[in-house]
Amino acid sequence: MPVTDATPALTLPGLTGLNADVLATVAERAQQWLVTDGVRVLLVLVMGVVARWLLHRLIGRVVATMTSRTATRLATNVAAGRILAAAATGVAHERHRQRVETMGSLLRSISTFVVGVVTLLTVMALVGLPLGPLLASAGVGGVAIGFGAQSLVKDFLSGIFMIFEDQYGVGDVIDTGEAIGTVEEVTLRVTRLRDADGITWYVRNGEIVRIGNRSQGFSAAWVDMPVSYREDIEKVLGVVRGASEAFGADPEWSDKLLEAPTVLGVDSITGQTVTVRVLAKCLPGENFGVQRELRARIKAAFDAHGIQGPPLPPFSAGPPR
């Protein structure tokens, strides 16, 4: 007779029965958990996904509504709003798109993080995991990080408000108190500027106390023309008005002006010099070109009408010792 091993035949039925009982118990408990807590966990997860979707939709609409106010304000800021709006349409649209993307991305990330944390904590509570030690550790860690990164948090909060309020954007010429230049990049932590000398400035958003934006609304070109005290002021003012009106009617410059230049009159009298001031409202960033051209045209008009400039100071009798 062949020799056989009887041990498997004696132990397998016992192990099979034990495994069946264990499996049956596990299946029964799993079914009970799925019917009770499992349904709650699934409901919490579904609610978290729905809440995230609703928040993203709401954020998109709110950000679009807030950013659309800038273009409207630019179009109605001055009486010649149509000229300003026509010139700023492309810039305003680009800034609108950048702000929508920046604010939308930031707020969506924050809402996703908050909803995810709340959902995770709720699921952990339903599963039966202890939340006390976890929350205590998170609180201690949050306090430590808050004390150690106060300046970083300040920079981020300031950056959020700057972008949300549209205080400035890429391409604007701003004065931050520390530096004056053209904005090249705006992030949540720093603002990068380039000044007239080509120097790049990195200004932390939390350190900006005041901001002067020279690219919003309109620019003012001030032109001061000195003439001799002996000249007839009425004649001088008439010549300046004629040159200013001709400059405002020139098609090459009329698109850059919001209105014809205004002759304000005599601004000051110093010694033998009388200074006449002219104001020209123009598009943002065009004030320097308008100043140079208008000053050159008034100078040419003075020469054509024989209006003399202020007398030169007398020369010294001899070389300095």
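Predicted model, so just to flag it, every value in this text is computed and none were measured. (Residues numbered from 1 in each chain as written. Predicted model: local features only at pLDDT ≥ 70, side-chain atom pairs only at ≥ 80, totals over all residues. Heavy atoms only, no water.)

## Some words on the overall build of the protein chain
Working step 1: Along the protein chain, the regular secondary structure elements total 7 helices and 8 strands.
Working step 2: Counting over 321 residues, the protein chain shows a buried share of 28%.
Working step 3: The long-range fraction of contacts in the protein chain, counting pairs at least 24 apart against all pairs at least 6 apart in sequence, stands at 67%.
Working step 4: For the protein chain, the computed accessible surface area is about 20,500 Å², with 63% contributed by carbon and sulfur atoms. (Helix = DSSP H or I, 4+ residues; strand = E, 2+ residues; numbered from the N terminus. Buried < 20%, exposed > 50% of the residue type's maximum accessible area, 1.4 Å probe, protein only. Contact = heavy atoms within 4.5 Å. Areas by Shrake-Rupley, 256 points an atom, 1.4 Å probe, with all protein chains shown as cover.)

## Concerning the side chain of Thr191
Working step 1: With respect to the helices and strands, Thr191 occurs in strand S3 (residues 190-194).
Working step 2: Of note is the side chain of Thr191, whose polar atom sits 2.6 Å from the side chain of Tyr168.
Working step 3: Setting aside chain neighbours within four positions, we find Thr191 in contact with Tyr168, Val183, Glu185, Val186, Trp201, Tyr202, Val203 and Asn205. (Polar contact = N/O pair within 3.5 Å; in protein donor to acceptor, adjacent residues only side chain to side chain.)

## Things to note about the sheet that holds strand S8 (residues 273-282)
Working step 1: Across the sheet, which stays open at both edges, the 3 strands sit in the order S6-S8-S7 with antiparallel pairing between neighbours. Two strands lie at the open edges of the sheet, namely strand S6 (219-228) and strand S7 (262-270), each paired on one side alone. This sheet shows a mean twist of 25° between the axes of neighbouring strands, independent of strand direction.
Working step 2: Strand direction decides the pairing type here: S6 and S8, joined by 10 bridges, are antiparallel. Counted as the bridge partner of Met225 is Val276 from S8.
Working step 3: Across the sheet, helix H7 (residues 287-304) is in contact with S6 and S8; its angle to S6 comes to roughly 25°. (Pairing = 2+ DSSP bridges. Axes fitted to C-alpha atoms, helices over the stretch in contact; angles between N-to-C directions.)

## Notes on the pattern of salt bridges
Working step 1: One pass over the full model with this rule turns up 12 salt bridges.
Working step 2: Here Arg204 ties to Glu207 by a salt bridge, and the two come within 3.5 Å at their closest N and O atoms.
Working step 3: What makes Arg204 partly exposed here is its relative accessible area of 31%.
Working step 4: With a closest N to O distance of 2.7 Å, Arg277 and Asp224 form a salt bridge. Of this pair, Arg277 sits in strand S8 while Asp224 sits in strand S6, placing them 53 residues apart in sequence.
Working step 5: What makes Arg277 partly exposed here is its relative accessible area of 24%.
Working step 6: Judged by relative accessible area, which is 31%, Asp224 ranks as partly exposed.
Working step 7: Within this structure, Glu184, Glu185, Arg192 and Arg194 form a network of salt bridges that share partners. (Salt bridge = Lys/Arg side-chain N within 4 Å of Asp/Glu carboxyl O.)

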